[in-house]
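Close look at the chain arrangement
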Amino acid sequence: MEAIRKQASKLREQVARQQQAVMKQFGGGYGADGAFADEAEAQQHSKLEKLYISTRAAKHFQRDIVRGVEGYIVTGSKQVEIGNKLCEDGKKYGTENTCTSGSMLSKAALSFSKARSMMEKERGNLLKALGTQVAEPLRAMVMGAPLEDARHLAQRYDRMRQEAEAQAIEVSKRQMKLREASGNGDMISRLEVAETKLQELKSNMGVLGKEAVAAMTAVEAQQQRLTLQRLIALVILCIVGLIFQMVSERQRIEGAPPPVVESSMPPPPAYEEVNGIFMRNTVAELVETVEYFLAEAIQSYRAESNTELNLAAGDYIVVRKVSNNGWAEGECRGKAGWFPYDYIEKRERVLASKVTQVF
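Only a predicted model underlies this, so the values are computations on that prediction, with no experimental measurement involved. (Residues numbered from 1 in each chain as written. Predicted model: local features only at pLDDT ≥ 70, side-chain atom pairs only at ≥ 80, totals over all residues. Heavy atoms only, no water.)

1. Some words on the side chain of His45
Note the following rule: A run of DSSP states H or I qualifies as a helix once it reaches four residues; a run of E qualifies as a strand once it reaches two. Both are numbered from the N-terminal end. Only protein chains enter the accessibility calculation, which uses a 1.4 Å probe. A residue is then buried if its area is under 20% of the maximum for its type, exposed if over 50%, and partly exposed in between. When checking whether two residues touch, look at their non-hydrogen atoms; a contact exists if any pair is within 4.5 Å.
Tracing the sequence through the fold places His45 in helix α2 (residues 39-96). Residue His45 is classed as buried on the basis of its relative accessible area, which comes to 11%. In contact with His45, other than residues within four places in its own chain, are Tyr157, Asp158 and Arg161.

2. Quick word on the packing of aromatic side chains
The relative placement of two aromatic rings is captured by the distance of their centres and the angle of their planes. The line we're drawing: Side-chain rings of Phe, Tyr and Trp (the six-membered ring for Trp) are treated as a pair once their centres are within 6.5 Å; stacked means planes under 30 degrees apart, edge-to-face means over 60, and tilted covers the remaining angles. Both a distance and an angle decide whether a charge sits over a ring: NZ of Lys or CZ of Arg must be within 6 Å of the ring centre and within 35 degrees of the ring normal.
Tallied over the full model, the rule gives 2 aromatic pairs. Relative to Trp327, the ring of Tyr301 has its centre 6.3 Å away and its plane inclined at 80°; by these criteria the two rings are edge-to-face. With a gap of 26 residues between them, Tyr301 in the loop between β1 (287-297) and β2 (316-323) and Trp327 in strand β3 (residues 327-332) connect regions that are remote in the sequence. What makes Tyr301 buried here is its relative accessible area of 4%. Relative to Tyr343, the ring of Tyr301 lies with its centre 5.4 Å away and its plane at 80°, an arrangement referred to as edge-to-face. With Tyr301 in the loop between β1 and β2 and Tyr343 in the loop between β4 (335-340) and β5 (344-346), this pair connects stretches of sequence that are 42 residues apart. With relative accessibility at 5%, the residue Tyr343 sits in the buried group. Taken together, the ring pairs connect Tyr301, Trp327 and Tyr343 into an aromatic cluster. Directly above the ring of Phe293 sits Lys346, whose terminal nitrogen or CZ lies 5.0 Å from the centroid.

3. Quick word on a nonpolar patch on the surface
The test is simple: Patch membership needs two things, relative accessible area over 30% and no salt bridge, and members are linked within 9 Å if like-charged or within 5 Å if nonpolar (Val, Leu, Ile, Met, Phe, Trp, Tyr). Shrake-Rupley sampling with a 1.4 Å probe provides the accessible areas, and residues are treated as covered by the protein chains on show and by no other component. Think of a salt bridge as a Lys or Arg side-chain nitrogen and an Asp or Glu carboxyl oxygen that are within 4 Å of each other.
On the surface, a cluster of nonpolar side chains totalling about 370 Å² of accessible area is made up of Leu228, Ile232, Ile236 and Val240. Within the secondary structure layout, Ile232 lies in helix α5 (residues 185-254). Relative accessible area serves as the criterion here: at 46%, Ile232 is assigned to the partly exposed category.

4. Looking at unusual backbone geometry
The backbone phi angle of Arg333 is positive, close to 55°, even though this residue is not glycine. Following the sequence through the fold, Arg333 ends up in the loop between β3 and β4.

5. Some details on the environment of Ile298
For Ile298, the position within the fold is in the loop between β1 and β2. Spatially, the C-alpha atom of Ile298 lies 6.2 Å from that of Gly314, the residues being 16 residues apart in sequence. Setting aside residues up to four positions removed in sequence, Ile298 forms contacts with Ala313, Asp342, Tyr343, Ile344 and Glu345.

6. What to know about the environment of Arg123
Heads up, the condition is: Here a polar contact means two N or O atoms within 3.5 Å. Within protein one must be a hydrogen donor candidate and the other an acceptor candidate, and residues neighboring in sequence count only if both atoms are side-chain atoms.
Note on placement: Arg123 falls in helix α3 (residues 104-143). Residue Arg123 is classed as buried on the basis of its relative accessible area, which comes to 18%. When the C-alpha positions of Arg123 and Gly76 are compared, they lie 7.9 Å apart, and in sequence the two are 47 residues distant. A distance of 3.4 Å separates the side chain of Arg123 from the side chain of Gln79, its partner in a polar contact.

Here you go:
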């Protein structure tokens, strides 16, 4: 459609130049001083054409930005949805896992779920900001009334200019006929009517042209300003989003769950291995046999497998074995199992009432 319009405009300009040449050749009164030889009007027409092209290009650029941002939002929303599903799966595993060999994986899953959830939340906020601060203002400008009103003024001016061009040709023809048949009162009257109409068209065309130029100039300035502002906002939001993702990724990698005492220790020896079943040299060297002694728990310990023993601060334990890797085995409240040796302190003297709690 735009190509057809350009071609039609070129053809009109060619016809106008040919008509002006013909009018000059025959000495028409609307040659050098005619409607289309006026310098001010020609400059106004040229400026309006440039404004029309400029605003059209800006409109297409704004539309391309809107489409690109909307596509990015759609893709990003899908990624956020997938990320949130991954967070839910990690959280579910971390809270429901009943693995008997330890809870390190559960804690890691919960930590990952929490960090990833924060990342997806910020990404969602970024996508929302792209929509409200970039796409919506540009879309409103593309579809807005100021641009359409200015373009309609320019189109009205173009139609009026074509009408004035045709009227100028009509005046030229009547002048030529009047010279051929001089003194014809009816032809003189018709010529005066045609000239009057031409002058009205020229006057109206000048006023409408100024209005169209002013409106298109205002729209062009608004397009340039708004597009620049939205591009700056787009760049800032993208930089902020990139920085946040880099920081979040670094925190996720470096900010592992804080180490706990039990997680930093090797697992306790298997019960069968300690008691001579499937005995290996490494296991025999690992466990140091000691005489039984009483100890008091100085802090609580929660068993993470069925071979470990729950302790509460203040409990008294009969310690039967001590491992070189930081574990001890003993009995408390009728139950036996492994526990970290650092959680207890040896007691030489214990009240009789406390001893009965051991068994």
